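# Structural description and commentary
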Amino acid sequence: MFNAIGRIFRTPDLRRKIGFTLGIIALFRLGSFIPAPFVDFSNVQACLAANQGASGLYELVNLFSGGALLQLSIFALGIMPYITASIIVQLLRVVIPHFETLYKEGQAGQGKLTQYTRYLTIALGVLQSTTLITVARSGALFSGSADPSCSQLITNDAWYAILLMVITMTAGTGLIMWMGELITERGIGNGMSLLIFTSIASTFPGSLWAIGISRGWDVFAIVLAIGLVVVVAVVFVEQSQRRVPVQYAKRMVGRRTYGGNNTYIPIKVNMAGVVPVIFASSLLYLPALIAQFNQPKAGEEIQPWVAWITNYLTKGDHPLYMLLYFLLIVGFTYFYVAITFNPDEVSENMKKYGGFIPGIRAGRPTAEYLDYVLTRITFPGSLYLGLIALIPLIAFALVGANQNFPFGGASILIIVGVGLETVKQIDAQLQQRHYEGLLR
């Protein structure tokens, strides 16, 4: 293992790429601690100390920003606007035929879709930064705190100050997007994924330390052991796939013979990735957000529906919340897989190039068979996603950890997925230069 790491740093090209990637990551983390203009840094730090962990409404965005959201830094929005824009553009391929046409045009068409994603990212950055500043001005960012300083996070309420804060946070989002593209182009691995990886990994030490301080080091050791087991299980499932065999008939093109080889279609157990968890979390935040803006004024009685939402749908430790969360993840897994994997399109491409599944006729029977296999393999994948996503909520109820508990949910799926993909890229580049990979 140490020899393999030594080979990485003895390879000039690979050493330069890894150094460039680490430099961009360091700048990204530095920006997460630089406060935006007109933000009272001392009040923000006092509120963070009094409110360990994010509020339920903002925990996912705060997790993806590496804690920068609640610090109201220049990178407060993190990579979340880009993730949202990418998902929206991907879903619009089903609704807008022009987007699907661009996707099928190859590199030129997908370049236009990438440009649309960038524009949408900036628009979402303006919207989300305006919302964040409005929430911070109203004192609802740390809604569970009784400290009066938590409602005095912004030192200047003038229109030009708010405009400057919106421009700064939106520019921060654009800069993060540019950093991610630089890593993809000149560094190692997928830039956007690595920035998300960095944001989430940066919260691990604080979350584990808080468990050790509040619950004792024996509980800390148990949590760490369970976390290692969860990581091994996630790696096993993420690498699992159903390989559907495909044979290609021989065909003559001019004087050359093409085809005649055997391959397979890899259908992963978890084809949806972490997207269903994000969808389900966002949907469950909506009732709590609506209830927050309908809180009674002084002297008024709380409305029954607001009280019901506050009691059952704002805290992750309630069984009803857990059940709804699990069912939404299962449903969104089927929805997202149906959008991203089209059996008819795969069957048509196989038929065009003379491919067929042994024992299955080409055309409609092949599409039906692929749909049957996909439906069966998505069921355990959806259950796996639901159970992994419930781990932080169960830990929140049993151990008293905050809802950014590291070993579960979106965090562990992203950490493991990005880590595996980056190691594979390093291994492939080592094999190109030394005929020997990272791991023997």
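Quick caveat: nothing in here was measured; it's all calculated off a predicted structure. Position labels on residues start from 1 in each chain and follow its written sequence. Reporting in this predicted model follows two pLDDT cut-offs: at least 70 for local features of residues, and 80 or more for side-chain atom pairs to be given and counted; totals over whole chains, interfaces and linings ignore these cut-offs and use all residues. Side-chain numbers come from the whole structure's heavy atoms, not from hydrogens or water.

Runs of H or I in DSSP of at least four residues are treated as helices and runs of E of at least two as strands, each being numbered from the N terminus. Check the secondary structure of the chain and you find 17 helices and five strands. By the burial criterion, 45% of the 440 residues in the chain qualify as buried. Here a residue-residue contact requires only that any non-hydrogen atoms of the pair lie within 4.5 Å. By sequence separation, contacts in the chain at least 24 residues apart represent 70% of the contacts at least 6 residues apart. Using a 1.4 Å probe, accessible areas were evaluated by the Shrake-Rupley method; residue-level cover was limited to the displayed protein chains. Summed over all atoms, the accessible surface of the chain reaches about 22600 Å², with 63% contributed by carbon and sulfur. Partly exposed describes any residue whose relative accessible area lies between the buried limit of under 20% and the exposed limit of over 50%, with all areas from a 1.4 Å probe on protein chains only and scaled to the type maximum.

Once that is clear, we can look at the sheet that holds strand β5 (residues 355-356). One key point about sheets: their strands pair by backbone hydrogen bonds, in either a parallel or an antiparallel sense. Ordered by their spatial adjacency, three strands build an open sheet running β4-β1-β5, and the pairing between neighbours is antiparallel. Of all strands in the sheet, those with a lone pairing partner are β4 (262-268) and β5, marking the two edges. A pair of strands is treated as paired once DSSP finds two or more bridges between them.

A few words now on the nonpolar core. Residues belong to a common nonpolar core when they are buried Ala, Val, Leu, Ile, Met, Phe, Trp, Tyr or Cys residues joined through side-chain atoms within 4.5 Å. Counting residues in hydrophobic clusters, the biggest one holds 65 residues, and the most contacted among them are Val234, Val277, Tyr325 and Leu413. Top element by residues in this core is helix α16 (residues 364-398). It accounts for ten residues. Core analysis: the next-biggest nonpolar cluster, separate from the first, contains 22 residues, Leu70, Ile133, Cys150 and Met169 among them.

To continue, consider the pattern of salt bridges. The rule for a salt bridge is simple: a side-chain nitrogen of Lys or Arg has to be within 4 Å of a carboxyl oxygen of Asp or Glu. Summed over the entire model, instances satisfying the criterion amount to five salt bridges. A salt bridge links Arg16 to Asp13, with the nearest nitrogen and oxygen atoms 3.0 Å apart. Here Arg16 and its partner Asp13 are both found in helix α2 (residues 12-31), three residues apart, which amounts to about one turn of the helix. One salt bridge in this structure joins Glu100 and Arg93, with 3.4 Å as the shortest N-O distance. Taken as a pair, Glu100 and Arg93 share a single burial class, namely buried.

A separate point is the pairing of strand β1 (residues 241-248). Successive side chains on a regular strand alternate, one facing one side of the sheet and the next facing the other. Bridge count for β1 against β4 is seven bridges, and the pairing is antiparallel. Of the residues in β4, the one forming a bridge with Val246 is Thr263. Sheet topology places β1 next to β5; two bridges connect them, and they run antiparallel. Paired with Gln247 across the strands is Phe356, a residue of β5.

Every axis corresponds to a line fitted to the C-alpha atoms, with the helix fit spanning only the stretch in contact, and the corresponding angles, defined between N-to-C directions, vary from 0 to 180 degrees. Two numbers describe how helix α7 (residues 107-138) lies on helix α8 (residues 159-186): the axes approach to 9 Å, and their chain directions differ by 140°. If you check the angle between α7 and α8, you find them oblique. The way α7 lies across α8 gives a crossing that is right-handed. Residue-level contacts link Arg118, Thr121, Ile122, Gly125, Val126, Ser129, Thr130, Leu132, Ile133 and Arg137 of α7 to Ile162, Met165, Val166, Met169, Thr170, Thr173, Gly174, Met177 and Glu181 of α8. Of the residues in the contact of α7 with α8, the class split is nine nonpolar, seven polar and three charged. Put simply, angles under 35 degrees are roughly parallel, angles over 145 are roughly antiparallel, angles from 65 to 115 are roughly perpendicular, and the rest are oblique. Crossings are assigned a handedness: left-handed for a near helix turned anticlockwise from the far helix by less than a right angle, right-handed for a clockwise turn. Residue polarity is assigned by list, with Asp, Glu, Lys and Arg as charged and Ala, Val, Leu, Ile, Met, Phe, Trp, Tyr, Cys and Pro as nonpolar; anything else, Gly included, falls into the polar class.

Geometry of aromatic contacts follows a simple scheme: Phe, Tyr and Trp rings, the Trp one being its six-membered ring, pair when their centres are within 6.5 Å, and the pair is stacked under 30 degrees between planes, edge-to-face over 60, tilted otherwise. Summed over the entire model, instances satisfying the criterion amount to nine aromatic pairs. An angle of 80° between the planes, with centres 5.3 Å apart, marks the rings of Trp217 and Phe220 as edge-to-face. In this pair, Trp217 and Phe220 both sit in helix α11 (residues 217-239), three residues apart, roughly one turn of the helix. Judged by relative accessible area, which is 21%, Phe220 ranks as partly exposed. Ring pairs connect the aromatic residues Phe279, Phe332, Phe335 and Tyr336, which therefore count as one cluster. Working rule: Lys NZ or Arg CZ, within 6 Å of ring centre, within 35 degrees of ring normal, means a charge sits over the ring. The aromatic ring of Tyr103 is capped on one face by Arg93, whose charged end is 3.7 Å from the ring centroid.

Because the α-helix completes a turn every 3.6 residues, residues three or four places apart line up on one side. Taking 1.5 Å of rise per residue, 23 residues should cover 33 Å, and α11 covers 33 Å from first to last C-alpha, within 8% of that figure. Listed as buried for α11 are Val223, Gly227, Val230, Val234, Val237 and Glu238. The span one expects for a helix is its residue count, reduced by one, times 1.5 Å.

Here Phe38, not a glycine, exhibits a phi torsion of approximately 65°, which is positive. Within the secondary structure, Phe38 sits in the loop between α2 and α3 (41-50). Residue classification places Phe38 among the partly exposed residues on the basis of a relative accessible area of 29%.

The values are spatial; any link to function lies outside them.
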